[in-house]
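# A closer look at the structure
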Amino acid sequence: MNDVLLRLLRAARGAGVRISTGEVLDAFQAAEAVGYSDRLALRDALTLSLAKTVDERAAFEATFDTYFRREALGSATQPGADGRAASGESPDLEGVESPLAQRLLSDDQAGVAAMMEAAGEAAGASNIRLFTQTNLFARRMLDRMGLPELEREITALRELGREELAARLEAARKALGDQARAYMERQLTLFAAGAAKELRENVLRNVKLSQLDRRDYQRMRGLVRDMALRIASRYSRPKKVDLRGHLDIRRTLRRNMAHDAIPFRTVWKRKKVEKPKIVAICDVSGSVASVARFLLMFLYALTDTLAGIRSFAFSSKLVDVSATLEEEDIDEAITKILNDVGFGSTNYGRCLEIFCDTHLKHVDRRTTIIVLGDGRGNRNPARTDLMKQLFDRSARVIWLNPEPQPLWGTGDSDIFKYMPYCHLVTTCNTVASLERVVDDILRAAQ
Amino acid sequence: MKQSLELLLPSIQSVDAGLSSVGYIPSRQISTALFLAVRLQKPILVEGPAGVGKTELAKATAQHLGLPLIRMQCYDGLDESKALYEWKYGKQLLYTQILKDKMGEQLREFSSLDGALDKLNEFDDLFFSERFLEPRPLLQSLKQPGGAVLLVDEVDKADEEFEAFLLEILSDYQVTIPELGTISAIVPPIVLLTSNASRDLGDAMKRRCLHLHIGYPEAKLEERIVHTRLPQVEAQLLRQIVSFVQQLRSMDLRKLPSVSETLDWARALLLLHASHLDVDIVRDTLNVLLKFEQDMEAVGKQVLEFVEKAKAEAAL
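Residues numbered from 1 in each chain as written. Chains lettered and ligands numbered in written order. Predicted model: local features only at pLDDT ≥ 70, side-chain atom pairs only at ≥ 80, totals over all residues.

## Regarding the overall build of chain A
What chain A contains, in helices and strands, is 19 helices and 8 strands. Sorting the 446 residues of chain A into buried and exposed places 34% on the buried side. Restricting to contacts in chain A with at least 6 residues of sequence separation, those with at least 24 account for 73%. (Helix = DSSP H or I, 4+ residues; strand = E, 2+ residues; numbered from the N terminus. Buried ≥ 20, exposed ≤ 12 C-beta atoms within 10 Å, placed from the backbone. Contact = placed C-beta atoms within 7 Å.)

See the structure below:
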């Protein structure tokens, strides 16, 4: 039983349920407590001790069901009424000696299943990784179950002229082959799906956002949400941190005036931790737009950890898009914003001007300004004086550039002109680098 | 005592029957969780939307087993002094003030400083004894002679430091008070933690607990629950109510109605002497089920359709 459970747990790990060694022990205890006779109870018990989120619970239950599903084994006596008659009239099984053939003919499904299980294990079925390996592994398993002997016996029976028995065995052999392949396919779902998913997510984490396929957006959104949750739980500190042990003497004395200043009621000093405020100014032209999409997704997944987000989108003009982003689903909102702001030629100088004229009130000494753009202003005036103004007014200015560093400053790129007025300028074009930047912003704020 | 708890709950079926007998209809998973919690002495972490009976489960367990229920509500800024124990500082101070003269008298007979210090040392422990200890929920639950059901409500509202601290207690069922030494549980309490997932709990915490997720119940189970709580509701109306609520849950609403809302609604319909659902009465009482203006608007248009379907299903 131990091996069966262990392999189940391994399959569950592949399906995305995180299971530590300690939890394996827990699972065994739980299984011990409910016993193995009631499958539903066993499933509940294992789920309760292993799954830690709703997703994991669903994943585990699915794995459990797949793992313990047995396809009804096709029986060898099924093919026709005459076959049944034959077996009833004479159990003339002379020449049928191999255990496999005997089980097939006597319709011992449990026996065949047990053999298949054992052979599958011996053939290393849980190591299967690719779809193309299914046939190979199935063949290996059948060999171990004694397929060669079975085939030899069929040939021998034919030579002896016992066609009927041979035909029955032949049919059983075919059915067995199908079962073996089905078994291996199930193993593939159990043990390989997780690995493939993990690989895909690792790739996505580091793929250039501008080259991302549309069909990967959905998966990417999940990834971003997970990352944001992780960051949020790391920084969701209480707003007030009690500094226990530091007595606020002035206020303690004041409060205890009535007791002759004998300090019955003590007052402790508290320190306030401020949440960062963020102003995101995103270029939404061309290739930058895809990075902007994920930056905004990130920021809006973090609303609880931040004191406030204002977001602005610009290409040729600049608009406040906070309301749109808060009200609508992020994908729709971004499409809408792209239509609004349009793909006009980018003018950084004019956009900074609009920002400083109308939206400067959103910037104070707690604000982190994130500018996302390639700094290519189509040779319009860069207006670095305005950038300096923002720099002086805010807590931090971070410039995220989707372009790789060697391209900075080439052609119409003004990034080096803005650089002196930023606390940090960095390349940012994958989800992984976005996560690093957001993490960094939150840490700096504490 | 642990033995006797195990005797009270010898099997999953007995848990089911026991909880049902005090008016809590558990799903199969809930019974299994409680059974395992007693067997393996592990806390249960209960998650799920508001109003599906997380807190109720703790109450029912306590009632069935005849144990006291000790409840601790978590919030941002909760610390050990409020959760575990606190020295009765005011009382200590008051006693020293009152006993000042008495102590002075006692110390006067010593001519040397050493003698007076020795005498003082004897007093010292006096002020840090159990007499001046104010036990808070966690310590209380450890000190119950017959065991207890400890409900740590909304553990996700407390901060991470507190979570780590809680973990320490939940793993050994003992606490160390520096002045008094280690206090171990007489009988390990049955611990239920609830969470609304407003924050991701630490992995260590999740590992330590049985993870029970209570979702919205299926129609059959919900019917049983409403019937147990409100036996006056007639079978026909009961099925209509449950079917209607189940349909609401399939909609994309800001706050889906949970079991507690179903019960409130059934109560409201009883008071209005409704014998069956009709569109007007549903419209009038919709605010019992739905808590947001937008949700009411969204549902308002479909009330007729839902009521018809509920009637058809109930008639089957």
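## Examining the overall build of chain B
On a plain count of helices and strands, chain B comes out with 17 helices and 9 strands. Within chain B, the fraction of its 316 residues that count as buried is 34%. At a minimum sequence separation of 6, the contacts of chain B that also span at least 24 residues come to 78%.

## What about the environment of glutamate 86 of chain B?
Residue and element names in this part refer to chain B. Note that glutamate 86 resides in strand β3 (residues 85-87). Note on glutamate 86: 16 C-beta atoms within 10 Å, which makes it partly exposed. When the C-alpha atoms of glutamate 86 and glutamate 134 are compared, they prove to be 5.1 Å apart, with 48 residues separating the residues in sequence. Residues contacting glutamate 86, with those up to four places away along its chain left out, are Ser81, Glu134 and Arg136.

## Focus: the packing of helix α2 (residues 21-34) of chain A against helix α3 (residues 39-50) of chain A
All names here are of chain A. Contact geometry for α2 and α3: axes closest at 9 Å, N-to-C directions at 150°. When the axis of α2 is compared with that of α3, the two are roughly antiparallel. You can see that α2 and α3 cross each other, and the crossing is right-handed. Two secondary-structure elements touch here, α2 through Glu23, Asp26, Ala27, Ala30, Ala31, Ala33 and Val34 and α3 through Ala41, Leu42, Ala45, Leu46, Leu48, Ser49 and Leu50. The class makeup of the residues in the contact of α2 with α3 is 11 nonpolar, 1 polar and 2 charged. (Axes fitted to C-alpha atoms, helices over the stretch in contact; angles between N-to-C directions. Parallel < 35°, antiparallel > 145°, perpendicular 65-115°, else oblique. Left-handed = near helix turned anticlockwise from the far one by under 90°. Nonpolar A, V, L, I, M, F, W, Y, C, P; charged D, E, K, R; others polar.)

## A look at the sheet that holds strand β2 (residues 69-73) of chain B
Residues and elements named next belong to chain B. A sheet is described by the order of its strands in space; here 5 strands give the open sequence β2-β5-β8-β1-β9, paired in parallel fashion. Each edge of the open sheet carries a strand with a single partner, namely β2 and β9 (210-213). Ignoring strand direction, the axes of neighbouring strands in this sheet form an average angle of 20°. The strands that helix α3 (residues 28-40) touches are β1 (44-47), β8 (190-195) and β9; relative to β9, the one it contacts most, it runs at about 160°. (Pairing = 2+ DSSP bridges.)

## Digging into unusual backbone geometry
Residues and elements named next belong to chain A. A positive phi angle, near 55°, is found at asparagine 378, a position not held by glycine. Taking the number of C-beta atoms within 10 Å as the measure of exposure, asparagine 378 has 14 and is therefore partly exposed. For arginine 383, which is not glycine, the phi torsion reads 55° and is therefore positive. Among the secondary structure elements, arginine 383 is positioned in the loop between β6 (367-372) and α17 (384-393).

## As for the pairing of β8 of chain B
Residues and elements named next belong to chain B. Of all 6 residues making up β8, 6 are buried, and the element is well covered by its neighbours. In β8, alternate side chains face the same way, and those of Ile190, Leu192 and Thr194 on one face and Val191, Leu193 and Ser195 on the other are all buried. Across 4 bridges, the pairing between β1 and β8 is parallel. Considered in β8, the bridge of leucine 45 is made with leucine 193. Pairing geometry for strand β5 (residues 149-153) and β8, over 4 bridges, is parallel. Across the sheet, valine 149 pairs through a bridge with isoleucine 190, a residue of β8.

## Notes on the interface of chain B and chain A
Often, the extent of an interface is quoted as the loss of accessible area on bringing the components together. Taken together, the contact between chain B and chain A spans 23 residues of the former and 26 residues of the latter. It is α3 of chain B that contributes the most residues to the side of chain B that touches chain A, 7 residues altogether. Among the residues making up the side of chain B that touches chain A, the classes are represented as 7 nonpolar, 7 polar and 9 charged.

## Some details on the sheet that holds strand β5 (residues 318-320) of chain A
Residue and element names in this part refer to chain A. The 6 strands are arranged β5-β4-β3-β6-β7-β8 in an open sheet whose pairing can be described as mixed. For this open sheet the edge positions go to β5 and β8 (424-427), each flanked by a neighbour on one side alone. Across the sheet, the mean angle from the axis of one strand to that of its neighbour is 20°, orientation sign disregarded. Against the sheet, helix α13 (residues 288-301) makes contact with β3 (277-283), β4 (308-314) and β6, and its axis sits at roughly 160° relative to β3, the strand it touches most.

## Observations concerning α17 of chain A
Residue and element names in this part refer to chain A. Listed in full, the buried residues belonging to α17 are Leu386, Met387 and Leu390. Projected onto a plane normal to the axis of α17, the buried residues spread over an arc of 105° and lie on a single side. Within α17, the exposed residues directed more than 90 degrees away from the buried face are Asp385 and Asp392. Buried residues belonging to α17 abut α16 (348-358), β6, β7 (396-401) and α18 (415-418). (Arc of directions from axis to C-beta.)

## Considering the pairing of β3 of chain A
Residues and elements named next belong to chain A. The buried count for β3 comes to 7 of 7 residues, which makes it a mostly enclosed element. The side-chain alternation of β3 yields two buried faces, one formed by Lys277, Val279, Ile281 and Asp283 and the other by Ile278, Ala280 and Cys282. Sheet topology places β3 next to β4; 7 bridges connect them, and they run parallel. Across the sheet, valine 279 pairs through a bridge with arginine 310, a residue of β4.

## Focus: the packing of helix α13 (residues 235-249) of chain B against helix α17 (residues 303-315) of chain B
Residues and elements named next belong to chain B. Where α13 meets α17, the axes come as close as 8 Å, and the angle between the chain directions of the two elements is 130°. Considering the angle they form, α13 stands oblique to α17. The hand of the α13/α17 crossing is right-handed. Contact residues: Gln236, Arg239, Gln240, Ser243, Phe244 and Gln247 in α13; Phe306, Val307, Lys309, Ala310, Lys311, Glu313 and Ala314 in α17. For the contact of α13 with α17, the class distribution of residues is 5 nonpolar, 4 polar and 4 charged.

## A word on the confidence of the model for chain A
Looking at chain A, the pLDDT average stands at 78 and 83% of residues meet or exceed 70. Low pLDDT, under 50, characterises residues 71-91 of chain A; the predicted model gives this stretch 23 contacts beyond four residues in sequence or across chains. (pLDDT = per-residue confidence, 0-100.)

## Description of helix α4 (residues 54-67) of chain A
Residue and element names in this part refer to chain A. In this model, α4 (14 residues) spans 20 Å end to end at C-alpha, consistent with the 20 Å of a helix rising 1.5 Å per residue. Those residues of α4 that sit buried are Glu56, Arg57, Phe60, Thr63 and Phe64. All buried residues of α4 lie within an arc of 130° about the axis, which places them on one face of the element. Of the residues in α4, the exposed ones pointing more than 90 degrees away from the buried face are Asp55 and Asp65. (Expected span 1.5 Å × (residues − 1).)

## Examining the environment of valine 245 of chain B
Residues and elements named next belong to chain B. The topology assignment puts valine 245 in helix α13. Looking at valine 245, the number of C-beta atoms within 10 Å reads 24, which means it is buried. Between the C-alpha atom of valine 245 and that of glutamate 222, which follows or precedes it by 23 residues, the distance is 9.8 Å. With residues up to four places along the chain from it excluded, the contact list for valine 245 reads Pro257, Thr262 and Leu289.

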